[in-house]
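Descriptive analysis of the structure
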Amino acid sequence: MSMNASTAHEPRALALADVIEFKWLLAGEGVRVHVERLQNDSDYARECLARADASSRETVRKLAQRLRQRLGLCSALD
C-alpha cells in the first residue's frame, strides 16, 4: 500500500485531528472538552460547539463549523 492510498479510517482520523485541535483551542479559553463524549453525545457536542461559536477567536469559530459538519450536526440553516 502506498503512502497516498486512502483508507476507510481516513475521514474518521481527520475528524479526530479536528476534535483534538478543538479541545486544545477551547482549553486555551478555559473550556474543558471531553473528546470521546464530544464524538458520541450530540447534545454535549452542540453545547461545546455553541461555546466555540461565542469565541472572540475566528480560528475557534471556523473549527467549530468544520466539526459541526464532520459530526453531522449541521442545522437546515447551515
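What comes next is a walk through the structure. (Residues numbered from 1 in each chain as written. Predicted model: local features only at pLDDT ≥ 70, side-chain atom pairs only at ≥ 80, totals over all residues. Heavy atoms only, no water.)

1. Quick word on the overall build of the protein
Using the following cut-off: Put simply, DSSP marks the helices as runs of H or I at least four residues long and the strands as runs of E at least two long, and each gets a number from the N terminus on. Accessible area is worked out with a 1.4 Å probe on protein chains only. A residue is then buried under 20% of its type maximum, exposed over 50%, and partly exposed in between. Two residues form a contact once any of their heavy atoms are found within 4.5 Å. Note on areas: Shrake-Rupley with a 1.4 Å probe; residue coverage comes only from the protein chains shown.
Secondary structure summary: the protein contains four helices and zero strands in total. Each helix (α) and strand (β) of the protein, taken in turn from the N terminus, gives the series α-α-α-α. Counting the 78 residues in the protein, one finds 28% classified as buried. Considering only residue pairs separated by 6 or more positions, the protein has 48% of its internal contacts joining residues 24 or more positions apart. As displayed, the protein offers around 5,600 Å² of accessible surface, 50% of which is attributable to carbon and sulfur atoms.

2. Some remarks on the packing of aromatic side chains
Rules: Two rings from Phe, Tyr or Trp (for Trp, the six-membered ring) form a pair when their centres sit within 6.5 Å of each other. Planes less than 30 degrees apart are called stacked, planes more than 60 degrees apart edge-to-face, and all others tilted. Only lysine NZ and arginine CZ atoms are considered, and such an atom sits over a ring when it is within 6 Å of the ring centre and within 35 degrees of the ring normal.
Scanning the entire structure with this criterion turns up zero aromatic pairs. Lying across the ring of tryptophan 24, lysine 23 places its NZ or CZ 5.5 Å from the centre.

3. A short note on the pattern of salt bridges
What counts here: Any Lys or Arg side-chain nitrogen found within 4 Å of a carboxyl oxygen on Asp or Glu counts as a salt bridge.
Per the stated rule, a full pass over the model turns up eight salt bridges. Between arginine 46 and aspartate 43 there is a salt bridge whose closest N-O contact spans 4.0 Å. Here aspartate 43 and arginine 46 lie together in helix α3 (residues 42-53), a separation of three residues that amounts to about one turn. Residue classification places aspartate 43 among the exposed positions, given a relative accessible area of 57%. Among the ionic pairs, glutamate 58 bridges to lysine 62, the shortest N-O distance being 3.1 Å. Linking glutamate 58 with lysine 62, this pair stays in helix α4 (residues 58-70), spanning four residues, or about one helical turn. The exposure class assigned to lysine 62 is exposed, which follows from its relative accessible area of 52%. Three or more residues joined by partner-sharing salt bridges are found here, namely Asp18, Glu21, Arg66 and Arg70.

4. Quick notes on α4
Counted only if it meets this: Expected span of a helix, by definition, is 1.5 Å for each gap between consecutive residues, and there is one gap fewer than residues. Working definition: the arc comes from the directions between the helix axis and the C-beta atoms, pointing outward to the latter.
Here α4 is 13 residues long and its end C-alpha atoms lie 18 Å apart, about the 18 Å a rise of 1.5 Å per residue gives. If you check which residues of α4 are buried, you get Val60, Leu63, Ala64, Leu67 and Arg68. Down the axis of α4, the sector holding all buried residues measures 145°, keeping them to one side.

5. With respect to the nonpolar core
Put simply, the test is: By nonpolar core we mean a set of buried residues, namely Ala, Val, Leu, Ile, Met, Phe, Trp, Tyr and Cys, connected to one another through side-chain atoms within 4.5 Å.
Among the nonpolar cores identified, the biggest contains 18 residues, and Phe22, Leu26, Val33 and Leu38 are the most heavily contacted of them. Those elements giving two or more residues to this core turn out to be α1 (10-27), α2 (35-40), α3 and α4. Sequence-distant contacts of leucine 38, that is, excluding residues within four places in its chain, are made with Val19, Phe22, Val33, Tyr44, Ala45, Cys48, Leu67 and Leu71.

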